[in-house]
Structures are given as C-alpha cells and as structure tokens.
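Results of the structural survey
Below, each chain spelled out in residue letters.
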Amino acid sequence: MRFKKILAMLAALVVLGAGAVADATTMLLLTREQLVERSEVVARVRVGKAVTGESEDRRAIVTRTEIQVTQLLKGKAPERLVIQQIGGSHNGKTQKILGDAALRPGEDAVVFLRRDDKGTAYLTALSLSVYHVDATGMARRELSGATLMRREGDKLEPTPVAEEPEPVEKLMTDIVRIAGGK
C-alpha cells in the first residue's frame, strides 16, 4: 500500500512538473527579410490606449490597441489603426500568450502587421513583430517568453538569440530597402 502512495505522489509530481516547463511559446525565428515579406504593413508608430474585451466569437479575451502611424515603411495604412492581440484581463478572467509583444501607451515602436479578410490588423509574428524604440533612438525586440527555433534542413532546432539594439533609422532604412523602396 505504501508503495502505491509513493508511486501516485511521483506521478503527480511529474504531471505538475510538466506544466511548469511550458513557460514559453515556440516559434520559428524569421529573418528580417522574411518578416518584411510576410507583413502587409510595416510602420513606425506611437502606441495609444488599449481596450480589453471579448473576441467577436466570444471564445477569447482580446486587447485592441490604438496606434498612430508616424512613418509608413511598407504597404498602405490609415494614420490611425487598431491592432488586435489575443490576451488580457476581462470580467475577472485573464488570458496570456507567452512570447507576444507588449505594447505600452505612449511608446515609440516599429511594428510589422498583417490583416485578416475583415481588415483586422494583427502582429505578423508575436514579439518578433515589434521593435521598441527608446529615448536615445535605439530599437530592440523583447523576446522573453519565446523559444525560437531555426530550420536546419528538415528539422527544427532551438536557437539562442541575443540581439543587440540598433539605431531606429538604420532599422527603418533596412526595412524600406527589403520592401523594395528607395
């Protein structure tokens, strides 16, 4: 009888431990070229207010964040638009997608967006889609909560990523060049 109790406790610890390991979203690391190619719109923006509520189908909590386009780098977009992300807190419930970008009101950022068939704007690839620009004009992505994978032949291999901040002007010039601009 004692052996069964110990075995049951070990099984419970394994199950609980398995849940604790899942602290990240696994996603394919995209090159800047791939990110520009997959995005309908790329722009430097000023982040406005966010409102959290239910998705149209009431299956998820979503956050809708207003942004003001300050410089369009690829595609066409109005001066103001709304980005929708899964997650947030609403009516006492919270949902979160680890590895998604956090947009903060008032912040300066470069964002990569796509639209669905209804015209709703989304980040192209979670946290890979936002370069946060600091007061000194340096741009960097916050990739915590993401396990990044690189394709090696027909396999996916985990890849550590340590990106250095870069001047936002250099970043934007590179995006415009990749997008086929000047």
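None of these values were measured; they are calculated from a predicted model. (Residues numbered from 1 in each chain as written. Predicted model: local features only at pLDDT ≥ 70, side-chain atom pairs only at ≥ 80, totals over all residues. Heavy atoms only, no water.)

**Quick word on the sheet that holds strand β11 (residues 146–152)**
If you walk across this open sheet you meet the three strands as β1-β11-β12, and the pairing is mixed. The open sheet terminates on both sides in strands that have one partner only, identified here as β1 (25–28) and β12 (155–158). In this sheet, neighbouring strand axes are inclined to one another by 40 degrees on average, regardless of whether the strands run parallel or antiparallel. (Pairing = 2+ DSSP bridges. Helix = DSSP H or I, 4+ residues; strand = E, 2+ residues; numbered from the N terminus. Axes fitted to C-alpha atoms, helices over the stretch in contact; angles between N-to-C directions.)

**Concerning the nonpolar core**
One finds Leu73, Val110, Phe112, Leu128, Leu148 and Ile175 to be the most contacted residues of the largest nonpolar core, which totals 22 residues. Those elements that provide at least two residues to this core are α2 (32–38), β7 (108–115), β9 (130–133), β11 and α3 (168–178). Apart from the residues lying within four places of it in its own chain, the contact partners of Leu148 are Met27, Leu29, Leu128, Leu143, Glu157, Pro158, Thr159 and Val161. (Core = buried A, V, L, I, M, F, W, Y, C linked by side-chain atoms within 4.5 Å. Buried < 20%, exposed > 50% of the residue type's maximum accessible area, 1.4 Å probe, protein only. Contact = heavy atoms within 4.5 Å.)

**Quick look at the pattern of salt bridges**
Inspection of every chain in the model, using the stated rule, returns 13 salt bridges. We note a salt bridge from Asp174 to Arg32, for which the minimum N-O separation is 2.9 Å. Of this pair, Asp174 sits in helix α3 while Arg32 sits in helix α2, and the two are 142 residues apart along the sequence. A single burial state applies to Asp174 and to Arg32, both of which are buried. Residue Glu169 pairs with Arg44 through a salt bridge whose shortest N-O separation is 3.6 Å. With Glu169 in helix α3 and Arg44 in strand β2 (residues 41–54), this pair connects stretches of sequence that are 125 residues apart. The exposure class of Arg44 is buried, given its relative accessible area of 15%. Each of Arg32, Glu166, Lys170, Asp174 and Arg177 takes part in one network of salt bridges that share partners. (Salt bridge = Lys/Arg side-chain N within 4 Å of Asp/Glu carboxyl O.)

**Remarks on α3**
One turn of the α-helix equals 3.6 residues, which is why residues spaced by three or four share an orientation. Val168, Leu171, Met172, Asp174, Ile175 and Val176 are the residues of α3 that are buried. Once α3 finishes, Gly180 follows within two positions and takes phi at roughly 95 degrees, a positive value.

These results come straight from atomic positions and should not be treated as a statement about function.
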